Amino acid sequence: MTISKPLLALAAAMLFASSASAQNFTIADIIVDGYQRITPGIIYNLLPVGIGDQVDSRTAAQIIRALAASEYFDSVEVSREGDILIIAVQERPSVAEIRIDGNSVLETEDIIENMATANIAEGEIFTRAALEAIRQGIQEVYSSRGRYGAAVDIEVEELPRNRVSISLDIDEGEESRIRQINIVGNRSFDDETLLDLFELGPKPWYRFLSRRDRYSREQFSGDLERLESFYLDNGYVEFSIESTPISITPDRREVYITINVRESNQYVVNDVDLAGDLVDAEAILRSAIYLRPGQIYSQALVTGTEEIMVQFLGNLGYAFAEATGVPSVNDDGSVDVTFVIEPGNRTYVNRINFNGNVSTADDVLRREMRQLEAAPASSLQIEQSKVRLERLGYFETVEVATEVVPGSTDQIDVNFDVVEQNFGAVSLQVGTGGSGDFFLSGNLQAQNFLGTGRTVAVGLNRSRFITSFNFQYIDPYFTPDGVSRGVSMYVQEIDSPFNVANFNTSSYGASVSFSYPLSEVSGLGFDIGINHTELNSGTGSVQEIVSSPKLFPGVDRYLISPANPNPSSGPVTDTVFGDVNDLSIEQLRANPDPGFIDLYGDSFDNLSVSGNWYHNTLNRGQLANDGTFHNLGVEVTLPGSDLQFARFSYSSQFYWPLNWERTWVLGLRSNIGYGIGYGNTKQMPFFNHYFAGGLNAAGVVRGFEENSLGPRSTAGARYLTETATALLKDESGNILLKPDGSAEGVEELLVYRTEPLLDAMGQPVLDGLGNPLPALAVEDFFLHEDYDSFGGNILTAATLELLFPVPFVDEVSNQLRTSLFIDAGNVFSSHCTERQRVLQDCSDFDLGQLRYSVGLAVTYLSPFGPLTFYLAQPFGKDGDDTKSFDFTVGTGF
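Bear in mind that the values here come from a model prediction, so they are computed numbers and not experimental data. (Residues numbered from 1 in each chain as written. Predicted model: local features only at pLDDT ≥ 70, side-chain atom pairs only at ≥ 80, totals over all residues. Heavy atoms only, no water.)

Notes on the overall build of the protein
Rules: Each helix is a run of DSSP H or I of at least 4 residues and each strand a run of E of at least 2, with the numbering of both proceeding from the N terminus. We compute the radius of gyration over the C-alpha atoms and compare it with the globule rule, which gives 2.2 Å times the number of residues raised to the power 0.38. Only protein chains enter the area calculation, which uses a 1.4 Å probe; residues under 20% of their type maximum are buried, those over 50% are exposed, and those in between are partly exposed. Throughout, a residue-residue contact means that at least one pair of heavy atoms, one from each residue, lies within 4.5 Å. Every accessible area reported is derived by Shrake-Rupley at a probe size of 1.4 Å, with residue values counting cover from the shown protein chains alone. The charged-residue count follows a simple rule in which Lys and Arg add positive charge and Asp and Glu add negative charge, with His and chain termini not counted at all. By convention, charge coordinates are those of NZ in Lys, CZ in Arg, CG in Asp, or CD in Glu.
Looking only at helices and strands, the protein features 14 helices and 42 strands. Relative to the compact-globule value of 29 Å for 893 residues, the protein shows a C-alpha radius of gyration of 45 Å, a clear excess of over 25%. Taken over the C-alpha atoms alone, the protein extends approximately 170 × 75 × 65 Å along its principal axes. Here the protein holds 893 residues, and the buried ones make up 42% of them. In the protein, once contacts between residues fewer than 6 apart in sequence are set aside, the share between residues at least 24 apart is 61%. As presented, the protein carries roughly 45,500 Å² of accessible surface, and 53% of it is formed by carbon and sulfur atoms. Distance between charge centroids for the protein: 3 Å, based on 60 positive and 121 negative side chains.

Quick look at the structure:
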C-alpha cells in the first residue's frame, strides 16, 4: 500500500527521532537496503546528506521527501546503528509490457507514444495515477472524434521480480451523428446561409456516402472559425461566439449542437492610418493597404494588408517585421483601422546552408542563390532562390527556413532543406508498330551529371526503324553570369518511322549552342550546326518523293500486235512494236508533278543557325503545377546550303492552380510549327516534316496511332511488262522459215504492256482513224498499307487538362501526376500535290480537319525516368488509325 508523502515523512521522522533518542550524530557511513533496479549511485545522488554531515531530528523527513519525490519508491524507512545511517527502500514495480486491444480508429503506435509522454512505457516505473490520466486522455481523444460512447478498461497484472503488465481493452463505440445544428442570435443572415459555411451538419438523404454528419472537434473548430471569418469579412467587427453547448442523446448516438452568437453592428471604414516605426517606407507600406474609407470593414482585407506589409518589410531586410491591423470602433457606426508596424532590427544573412543534397554539390545550389551572404535579408530574394532550386528539376521538394544566429539580434542563417529525386532518365520505349514490328530504344540522360549540374546524354538505338548514336553535353554555367554552352553530335540511319511513307536517311552532324539569360525568367538561345544527309527513296517510293512510273532502262518498246509463226493459223507475220518515245504524256501515264528527289537530288550538306526566346515562370523543372512557359524559335539553313528552308515554332504551357495546395490545377499546353522553303528550295524538306498522333510526335494527340495524322502520301506506280516473240530474219529482212513453213528462231523480248487510253468518262480515246489509242499499263506499289503518313509543314496541337490528386499517395505526390485531358491537333501542308488533294484529302490549314481525343493520363517519375500511361477516346474520321491505350518510359507528359 502506498502512503502519502507527508504522512510517510512524519511517521519516519518520529521513528527516527525515537530510535536516535533525539541525539544528533555525525554520519560515518550510509547503507541502502532493498534496491533492485535502482543503483545505489542514483539513490546517493538523491539524498540531501552525505558522509560527514550532521544529523538531527529533521533529517529523516528531509530524506523521505527527497526519495519520495523521485517516484521510484513505494516506501522508505530511515534508521541508525551507531553512527551509520540505514535507509531501507521498497521500489515501485516497472512496466514489463503494454497490450492494447480493440482499437482501429486510433493507431496502437499513437497510443503508445502518448502513454510514453506520461512516463508509462515498457521499462519505466509504474505509477497508477499517471495510468488513470491516460485513460481519461484516450477517452477525450475519442470524444473529440465524435465517439462519445468509447470506454477504456485497464487491467494491471503483477509479474515476478517486481514488474507489472498493463492491458488496455478499448471499446471505441459508434460515431455520434449530428442530428441538428442551431444558431441562436443571428439577425442579419439566415440559418441556411450560415450553415452552408459548415463542413459538419445533418446529412442529406442523397449524400449517402458523405461523412458530413460525423462529429469531429477539429472540424467543428474549423467551422466556427469560418463562421467568425464570415461575419468579420462582412463588417461585424464586434461579432463573437458566446457559447457552443453540445447535447448528446442518452444512447450517445446523436448530437445536438447550439451556437450562441452576438452579431452587434455592421461597420464601415472611416479612416486607415499607419503607426509605429515606418523605417522610411511609408509610401511603400501605404501602397499595400487594401482597405479604403467608405468600404464595409473586412478582416480578410486587413489580413491581406498585414501579409503584404510584412513581405515588403522583409524585402527591405526586416526579416522579423510585424504588421498588425487594429480596428477602433466609433460611436457613429464607423471603424478606424490603424496598422501598427514593428519592423524589429534590420537583419543580415550570416550563412546560407544546404541540407539533403547528397549527390548534388553545394556550388550547384549556391549559384542559384539570389540572396547573398553578408547582404541584408530579403524575403523576395530568398523566395526567388527557392524557386530557382525547384526549377532545376533535381529535387522532389525544396523548403527554406530562417533562424536567428545565437547571440545576435540582427543576423540570420538561411537553411534550405532539399529532397533529391531522380535527375537522370533512362529512356526505354517498347512497343509495336502498325504492322506488329517490335521496337526497343534506349537513352541515358543525366541532367545533373555526378552532381555538377551539367547535362550529359548518350543515346544508342537499334530497332527495325532506326540505328543511331548521339551525344550531348550542356554546361548551364559556362560563364559565372549564367551563359550556358552545349555541344551535340549524332550519327543515324532512319528507315521509315512508324506509319510514315517509305524512305530512309543516313545522316551525321554536330552543333554548338549558347544560351544567354535576359532576366530571372527569360533568356535567348543560339545554335549553329552542320549536317550531312543522304536520302534513299527505297523500292516503290511514294509519288511525293520520286515521281513514278518511270521507264525501265533498256526497255523502249511496247507491243502493237503479236507475231504469228504458225502458217496454219494464217499468214506468218512478225511482231509489231511501238516506240515509247512516240507516246504522249497521257499515253505514258506519267505523273506531271516531280518528286522531291527529282527536284533536289538525294545528298545534302546544310549549315543552319537557330535562335529561340524563352520565358519560364514554372514552379518546377518536372511536373510543374503553377506558372507559365513560352518558347519562340526559328531555324534557318544559310545560303549556300544544298537545301534552303526555315522553320518557325512556338510552344507554351499554362498552369492555373484551383486551390491553395495546388492539387487541383487547370493546365493548357500548345505547340505550333510552320516551315517554308526559300531560294532554290520551294518547300520544306519532307524528311523535316511535322507529324501528329500518339505521345511522341511533335503534335501530341493521344488516342491515335503514332505519326498517323495529317497528309498522306500517294502510292508509287510502275509499268507492267510482258514478253513478246520476235521472228528471225535474213539480211534482206525476210522471215526465216522452217521446212514445214513455220517461222524459225523464236526469241523472247521484254516490252511494256498496253491497255486502251480512257477519257474522264471512262471511254476509250480514238485516233484519227477511229482506232483506240494505246496507253502503257501501270500498277501501284502497296508495300505496306500503314506506311502512308507524309507529315506537313504546318503543325498545330493543344492540350487542355485538369490535374487532380490521387488519395493515399501523399508521400509521392510530387512524383505522380494524374489528369483528365482533351487533346486537339493535326498537321497540314501548304504544298499538297493534285494527286494528294484528290486521293488523300490533303489540305492546307483547316480547323475542320482537327482531330480530338479525351481521356485519362498518369505520369510517374520512376527511377528509370518518367513513366506515362494513358486511356483515350479518339474523335476522328473514317480511315483514322486509333489507339485507345499506350504507354512509354522516358517521356513525361
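Overview of the packing of aromatic side chains
What counts is decided by this rule: Ring geometry is summarised as follows: Phe, Tyr and Trp rings, the Trp one being its six-membered ring, pair when their centres sit within 6.5 Å, and such pairs are stacked at plane angles under 30 degrees, edge-to-face over 60 and tilted between the two. Put simply, a charge is over a ring when the Lys NZ or the Arg CZ is close to the ring centre, within 6 Å, and near the line of the ring normal, within 35 degrees.
Summed over all chains, the structure comprises 24 aromatic pairs. The interplanar angle of 25° and the centroid separation of 5.7 Å between the aromatic rings of F354 and F416 together place this pair among those described as stacked. Linking F354 in strand β16 (residues 348–355) with F416 in strand β18 (residues 411–420), this pair joins segments that are 62 residues apart in sequence. Its relative accessible area of 9% is what places F354 among the buried residues. Measuring from ring centre to ring centre gives 6.0 Å for F552 and Y752, while their planes differ by 15°; the resulting arrangement is stacked. Here F552 is found in the loop between β25 (522–536) and β26 (557–561), whereas its partner Y752 is found in strand β34 (residues 747–752), with 200 residues between them in sequence. On the accessibility criterion, Y752 (0% relative accessible area) is buried. An aromatic cluster is defined as three or more aromatic residues linked by ring pairs; in this entry it consists of F503, F596, Y600, F604, F686, F687 and F790. Above the ring of F25, the side-chain terminus of R80 is found at 3.9 Å from the ring centroid.

A short note on helix α5 (residues 128–144)
Inclusion rule: Every helix has an expected span of 1.5 Å times one less than the residues it contains.
Given a rise of 1.5 Å per residue, 17 residues ought to cover 24 Å, and the 25 Å separating the end C-alpha atoms of α5 matches this to within 8%. Among the residues making up α5, those that are buried are A130, L131, I134, I138, Y142, S143 and S144. If you follow the buried residues of α5, they end up packed against α4 (108–117), β7 (151–159), β8 (163–171) and α7 (217–233). Phi turns positive, to about 85°, at G146, one or two residues after α5.

Observations regarding the nonpolar core
So the rule is basically this: As used here, the term nonpolar core means buried Ala, Val, Leu, Ile, Met, Phe, Trp, Tyr and Cys residues forming a set that is joined through side-chain atoms within 4.5 Å.
L285, M309 and F339 are the most contacted members of the largest nonpolar core, which totals 23 residues. Residue contributions to this core peak at 4 residues, all from strand β15 (residues 334–342). Discounting chain neighbours no more than four positions away, the residues touching M309 are L274, L285, A288, I289, A323, F339 and I341. Counting residues in hydrophobic clusters, the runner-up holds 21 residues, among them F604, V701, F704 and F790.

Notes on the pattern of salt bridges
Our working rule: Throughout this description, the term salt bridge denotes a Lys or Arg side-chain nitrogen within 4 Å of a carboxyl oxygen of Asp or Glu.
According to the stated counting rule, one finds 27 salt bridges in the structure shown. Residue D598 pairs with K550 through a salt bridge whose shortest N-O separation is 3.7 Å. One end of the pair, D598, is in helix α13 (residues 596–600); the other, K550, is in the loop between β25 and β26, and 48 residues separate them in sequence. A relative accessible area of 34% places D598 in the partly exposed class. For K550, a relative accessible area of 45% gives the class partly exposed. Here D626 ties to R662 by a salt bridge, and the two come within 3.0 Å at their closest N and O atoms. One end of the pair, D626, is in the loop between β28 (603–616) and β29 (627–637); the other, R662, is in the loop between β30 (645–657) and β31 (665–677), with 36 residues separating them in the sequence. The exposure class assigned to D626 is partly exposed, which follows from its relative accessible area of 22%.

Re the pairing of β28
Put simply, the rule reads: For two strands to be treated as a pair, DSSP must find no fewer than two bridges joining them.
Note: β25 against β28, 13 bridges, orientation antiparallel. Among the inter-strand pairings, N531 is bridged to a residue of β28, identified as N606. Across 9 bridges, the pairing between β28 and β29 is antiparallel. By the bridge assignment for β29, S610 is matched with E635.

Digging into the state of the cysteines
This is how the line gets drawn: We call a pair of cysteine sulfur atoms a disulfide whenever their separation is within 2.5 Å.
In the structure shown here, the tally under the stated rule is 1 disulfide. Covalently, C832 is tied to C842 through a disulfide, its sulfur atoms 1.9 Å apart. Because the sign of the S-S torsion sets the handedness, a value of about -65° for the bond joining C832 and C842 places this disulfide among the left-handed ones. Within this pair, whereas C832 is found in the loop between β39 (816–828) and α14 (834–839), its partner C842 is found in the loop between α14 and β40 (851–862), the two being separated by 10 residues in sequence. Of the two residues, C832 and C842, both sit in the buried class.

Here we look at the environment of A646
The residue A646 is located in strand β30 in this model. Given the relative accessible area of 6%, A646 is considered buried. For A646 and Y674, which are 28 residues apart along the polypeptide, the C-alpha to C-alpha distance reads 8.4 Å. Those residues in contact with A646, other than ones at most four positions away along the chain, are E635, V636, Y674, G675 and I676.

What to know about the sheet that holds β18
The cut-off we apply is this: In this analysis an axis means a line fitted to C-alpha atoms, helices contributing only their contacting stretch, and an angle means the value between N-to-C directions, from 0 to 180 degrees.
If you trace the 3 strands from one edge of the open sheet to the other, you get β16-β18-β17, paired in mixed fashion. One side of each edge strand has no neighbouring strand; the edge strands of this open sheet are β16 and β17 (395–404). Going across the sheet, the axis of each strand differs from the next one's by a mean of 15°, ignoring polarity. Summarising the sheet, β16 and β18 pair through 7 bridges and their orientation is parallel.

Concerning a nonpolar patch on the surface
Just so we agree on the cut-off: Residues forming no salt bridge and having over 30% relative accessible area are the ones grouped into patches, like charges within 9 Å of each other and nonpolar side chains (Val, Leu, Ile, Met, Phe, Trp, Tyr) within 5 Å.
A contiguous nonpolar patch, built from W656, L658, W664, L666, L668, L800, I822, Y852, V854 and F875 and spanning about 880 Å² of accessible area, is present on the exposed surface. Within the residue set of the nonpolar patch, elements represented by two or more residues are β31 and β40. Position of I822 relative to the elements: it lies in strand β39. On the accessibility criterion, I822 (41% relative accessible area) is partly exposed.

Some remarks on a negative patch on the surface
Residues D101, D153, E155, E157, D169, D171 and E174 make up a contiguous surface patch of negative charge. Within the residue set of the negative patch, elements represented by two or more residues are β7 and β8. At 3 residues, the largest contribution of residues to the negative patch is made by β7. For E174, the position within the fold is in the loop between β8 and β9 (177–184). By relative accessible area, E174 is classed as exposed at 53%.

Considerations on the sheet that holds strand β6 (residues 94–101)
Taken together, the 3 strands give an open sheet; going across it, the order is β6-β8-β7, and neighbouring strands pair in mixed fashion. Looking at strand neighbours, the two that pair on one side only are β6 and β7, the edges of this open sheet. The mean inter-strand angle of the sheet, taken between neighbouring strand axes irrespective of direction, is 20°. Examined bridge by bridge, β7 and β8 share 9 bridges and lie antiparallel to one another. Bridging from a neighbouring strand, V152 pairs with I170 of β8. Packing of α4 onto the sheet brings it into contact with β6 and β8, and relative to β6 it is tilted by some 145°. Along the sheet face, α5 touches β7 and β8 and points at about 155° away from the line of β7.

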